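Per-entry structural report
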Amino acid sequence: MFLRVVLAEARKNLKQYFFTVRVLFWTLALPLGNGLYLYFLYLPFGAETVSLEFSASSFTVDLAGFTLIGQLLYSFFTMMLLAGVAFDRERWQGTLESVLLSPANRVAILLGMAIANTLNYLWLLVGVMISWVLFLNVNILIVDPLALFASILLSYLSLAALGMSLEAFCIHSRRAHMYANMLQEPIMFLSGLIFPLQSMPEALLPVSYLLPLTFGLISVRLTLLGGASIFDVAIPLTVLAFMVLIFFGLAIWLMGYAERSAKAKATLTQF
Amino acid sequence: MGVRRSEFAVEVRELSRDYISTRRNHLIGKKTTTIVKALDHISFEIQEGELFGLLGPNGAGKTTTVKILCTLLEPTGGHAFVKGYDVVKEAKHVRKIVNMVAGGERMLYYRLTGRENLTYFADLYDVPRKEVASRVNRLLELVGLSERADDEVEKYSKGMKQRLQICRGLINEPEVLFLDEPTLGLDVSIAKDIRKFIQEKIVKEQGKTVLLTTHYMYEAEEMCDRVGFLNNGELVAVGHSEELKRKMPLGFSIELLVTRLSNETLEGLKHLECVKKAITTDYEGETEDEKIDRLVINVESDKAVPKVLDYMSNKHCRVVAVNLRGPTLEDLFMFYAGET
């Protein structure tokens, strides 16, 4: 039953929201454009490489790769925020009642929505990667494939879980969409997406270290572009693993709480 | 499954629901709280296989009642049971055995085809996999949508969407079906088809229990075994419509189409001894040179007819048509809604 609902929800979301030429085009065009914009913005300053420091280690990666990974993970984060407002979308189109009227497991519904967004992201990932590697000659240096795999997986799971928490919150409030938009820019700034963390004012670093995107960027950049091993990225991976647990737990709890609270406050189907 | 606590298909006991809204008048001012009683201790029950109509004006509490019974809203007081299961404490059980169809063009995914919509909901309700295709086909055939099953819903007409909604409402073969104004906005012939379908296929053939809310009194009159009237959150009458009509204190109604009706004549009419109530209702008509008004006059017996006609004649009103009838559900509705 659980898996069946996950798959049904993922299929429905793909067909209802993503499988149109327009959506597929912009899914690819926006991050591609944004990434190129950042890359060409940095070039006149003569910085063809970027030094990444984390813990006691220091790695040097090329600018194109640094910007590429930043943009890719940020796009994924944005997509998960969009997944986060999936219930809001259901609310506005008048289908939320019909979904919540069913006995289907609510966490399975959340997972299905997240999977649909992930599949949409794969299209973006492949498209943007190919474009950048072909046209901007990104220097890829993978020494430890296991470390890379763990970095991508944990980054994915932590961001997906964060999105699911927000998604659950959407059941409770129609303002969730607004909160998602509010989060976007500060997270872009604080996560080290545009510039390396060591350039960030120290006072802001504690906030950066609360964000899963920060650790995702560190671990993927180091393992894909800097040749880091699993030991080099052990700390960010451990933090990411904790974040996965915390955000998944939060999503499951929030889902139950939000539905109960929305039914009590009569906000479930409020537009 | 939980323990059954009621012998009725639906049992509502002292059910209440308050809507609380808080508002701050100024940016840093005090919050003011407003409480609206949507339901005020209502009680009724619905027998197995019965088609029960819940009637009332806008804001009477009909949809609130349906939402509570479907587990989409929690009551602030009282209890409700569907097939013996408490809608709050045993919501999961209730969701498996109920479904709801609402009026309007909601509750469907427009970029999915009719078949995809039904298959999706079959998955959410865990309909046995082997049965999904045949059940979907059977339902589509039942509402005459087989030929358009693989078209996207956005290409459907309003009536087709509503028929597909009914299929969605039946996908889990619910024991109790809630129909919240299912013919809202549909044209006469489609609404008639849907009413016939509900009565014959859902209630008579399949023996399902149905709670119907509607604004259309002829719909309730034609379809429902029993009706309940809600007004301002209170259930003011429940029973068989014929029984309620007999009990109604307004007696007969004379419907008159008249010309040259003045306010003075209408006021005088209200003071006739045989007249209990007299109101003009919306009527758009005119003779060659005069405007026609429609008058509904409540009288105790048919003996009042000649007296009323004499009065109208003395006041130089021209009576174009006369109709004497017993009370209808519409009269009951107007009476209980306080509009007579």
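Computed from a predicted model, the values in this text were never measured in an experiment.

Helix and strand counts for chain B come out as eleven helices and 14 strands. Along the first, second and third principal axes, the C-alpha set of chain B runs to 75 × 55 × 50 Å. Evaluated residue by residue, chain B yields a buried proportion of 52% over its 340 residues. Counting only contacts in chain B whose residues sit at least 6 apart along the sequence, the fraction spanning at least 24 positions is 74%. Total accessible area computed for chain B in this model is approximately 16,400 Å², and 47% of it derives from carbon and sulfur atoms. Of the charged side chains in chain B, 50 are positive and 54 negative, and the gap between their average positions amounts to 5 Å.

All names here are of chain A. If you trace the backbone, glycine 35 turns up in helix 2 (residues 21-42). Residue classification places glycine 35 among the buried residues on the basis of a relative accessible area of 0%. As a C-alpha pair, glycine 35 and serine 261 span 226 residues in sequence and 41 Å in three-dimensional space. When neighbours within four sequence positions are excluded, glycine 35 is seen to be in contact with Thr67, Gln71 and Trp132.

As for its position among the elements, lysine 12 of chain A is in helix 1 (residues 2-18). Every residue in contact with lysine 12 of chain A, bar those within four places of it in the chain, is listed here: Glu90 and Val99 of chain A together with Tyr109, Leu112 and Tyr120 of chain B.

Okay, the state of the cysteines next. Residue and element names in this part refer to chain B. In this structure the tally under the stated criterion is zero disulfides over all chains. With no disulfide partner, cysteine 167 has as its closest neighbouring cysteine sulfur the one in cysteine 70, 18 Å distant. This cysteine, cysteine 224, is not joined by any disulfide, and cysteine 70 carries the nearest cysteine sulfur, 16 Å off.

Moving on, we get to the sheet that holds strand 5 (residues 85-86) of chain B. Picture the strands of a sheet paired through backbone hydrogen bonds; they go either parallel or antiparallel. All names here are of chain B. The antiparallel open sheet is built from four strands, whose spatial order is 2-1-4-5. A single partner strand is all that each edge strand has here, and the edge strands are strand 2 (31-46) and strand 5. Here twelve bridges tie strand 1 (residues 10-24) to strand 2, and the two strands are oriented antiparallel to one another. Residue pairing for strand 2: valine 12 is matched across the bridge by phenylalanine 44.

A separate point is the interface of chain B and chain A. In this assembly, 34 residues from chain B lie in contact with 32 residues from chain A. Buried area between chain B and chain A, summed over both chains or domains, comes out near 3,000 Å², and the portion from carbon and sulfur atoms is 55%. Across the chain B-chain A interface, the total number found is six salt bridges. Put simply, glutamate 97 of chain A and lysine 67 of chain B hold a salt bridge, and the shortest N to O gap is 3.1 Å. Taken together, the connections running from chain B to chain A amount to 17 residue pairs in polar contact (both at pLDDT 80 or more). Among the elements of the structure, strand 1, helix 2 (91-97), strand 6 (98-102), helix 3 (114-124) and helix 4 (129-142) of chain B are those that each provide at least two residues to the side of chain B that touches chain A. With six residues, the top contributor of residues to the side of chain B that touches chain A is helix 3 of chain B. Grouping the amino acids of the side of chain B that touches chain A by side-chain chemistry returns 17 nonpolar, three polar and 14 charged.

Okay, the packing of helix 1 of chain A against helix 4 (residues 86-93) of chain A next. All names here are of chain A. The geometry of helix 1 relative to helix 4 is characterised by a closest axis approach of 13 Å and an angle of 65° between their N-to-C directions. Relative to helix 4, the crossing made by helix 1 is left-handed. Residue-level inspection shows Glu9, Lys12, Asn13, Gln16 and Tyr17 of helix 1 in contact with helix 4, the latter providing Arg89, Glu90 and Gln93. Here the residues of the contact of helix 1 with helix 4 are counted per class, giving one nonpolar, three polar and four charged.

All names here are of chain B. When cut into domains, chain B gives domain 1 (10-245) and domain 2 (249-337). For domain 1 and domain 2, the distance between their C-alpha centroids amounts to 37 Å. Domain 1 puts 14 residues into the contact, and the matching count from domain 2 is eight residues. Between domain 1 and domain 2 lies a buried interface of about 1,000 Å² when both sides are counted; carbon and sulfur atoms form 80% of it. The tally of links from domain 1 across to domain 2 stands at zero salt bridges. Mapped onto the side of domain 1 that touches domain 2, the elements with two or more residues apiece are helix 7 (217-223), strand 9 (226-231), strand 10 (234-239) and helix 8 (241-247).

The side chains of a regular strand alternate, first on one face of the sheet and then on the other. Residue and element names in this part refer to chain B. Most of strand 9 is tucked away: six of the six residues are buried. Side chains Arg226, Gly228 and Leu230 of strand 9 all project onto a buried face; the interleaved residues Val227, Phe229 and Asn231 project onto the opposite face, where all are buried too. Bridge analysis of strand 3 (residues 51-55) against strand 9 gives four bridges, and the strand direction is parallel. Of the residues in strand 9, the one forming a bridge with leucine 54 is glycine 228. For strand 9 and strand 10, the ladder comprises five bridges, and the chain directions are antiparallel. Its bridge partner being in strand 10, valine 227 is matched across the sheet by glycine 239. Where strand 9 folds back on strand 10, the antiparallel hairpin that results is connected by two residues, among which asparagine 232 adopts a positive phi of roughly 50°.

The next subject is the packing of aromatic side chains. Given two aromatic rings, their pairing is described by the distance between the two centres and the angle made by the two planes. This model, assessed by the stated rule, comprises eight aromatic pairs over all chains. Linked through ring pairs, Tyr109, Tyr120 and Phe121 of chain B together constitute an aromatic cluster. Cation over ring: arginine 221 of chain A sits above phenylalanine 66 of chain A, and NZ or CZ is 3.6 Å from the ring centre. Over the face of the ring belonging to phenylalanine 121 of chain B we find arginine 168 of chain B, whose NZ or CZ atom lies 5.6 Å from the ring centre.

Let us now look at the pattern of salt bridges. Opposite charge on two side chains makes pairing possible when the charged atoms of those side chains draw close. Enumeration according to the criterion identifies 28 salt bridges over all chains in this entry. Between arginine 226 of chain B and glutamate 50 of chain B there is a salt bridge whose closest N-O contact spans 2.5 Å. Of the two residues, arginine 226 of chain B sits in strand 9 while glutamate 50 of chain B sits in the loop between strand 2 and strand 3, which places them 176 residues apart along the sequence. Overlapping salt bridges, with partners in common, bring together Arg4 and Arg11 of chain A together with Asp123 and Asp126 of chain B in one network.

Analysis parameters
Residues numbered from 1 in each chain as written. Chains lettered and ligands numbered in written order. Predicted model: local features only at pLDDT ≥ 70, side-chain atom pairs only at ≥ 80, totals over all residues. Heavy atoms only, no water. Helix = DSSP H or I, 4+ residues; strand = E, 2+ residues; numbered from the N terminus. Buried < 20%, exposed > 50% of the residue type's maximum accessible area, 1.4 Å probe, protein only. Contact = heavy atoms within 4.5 Å. Areas by Shrake-Rupley, 256 points an atom, 1.4 Å probe, with all protein chains shown as cover. Lys, Arg positive; Asp, Glu negative; His and termini not counted. Charge placed at Lys NZ, Arg CZ, Asp CG, Glu CD. Disulfide = S-S within 2.5 Å. Pairing = 2+ DSSP bridges. Buried area = accessible area lost by both parts, 1.4 Å probe. Salt bridge = Lys/Arg side-chain N within 4 Å of Asp/Glu carboxyl O. Polar contact = N/O pair within 3.5 Å; in protein donor to acceptor, adjacent residues only side chain to side chain. Nonpolar A, V, L, I, M, F, W, Y, C, P; charged D, E, K, R; others polar. Axes fitted to C-alpha atoms, helices over the stretch in contact; angles between N-to-C directions. Left-handed = near helix turned anticlockwise from the far one by under 90°. Domains from an automatic or database assignment. Phe/Tyr/Trp six-rings, centres within 6.5 Å; stacked < 30°, edge-to-face > 60°. Lys NZ or Arg CZ within 6 Å of the ring centre and 35° of its normal.

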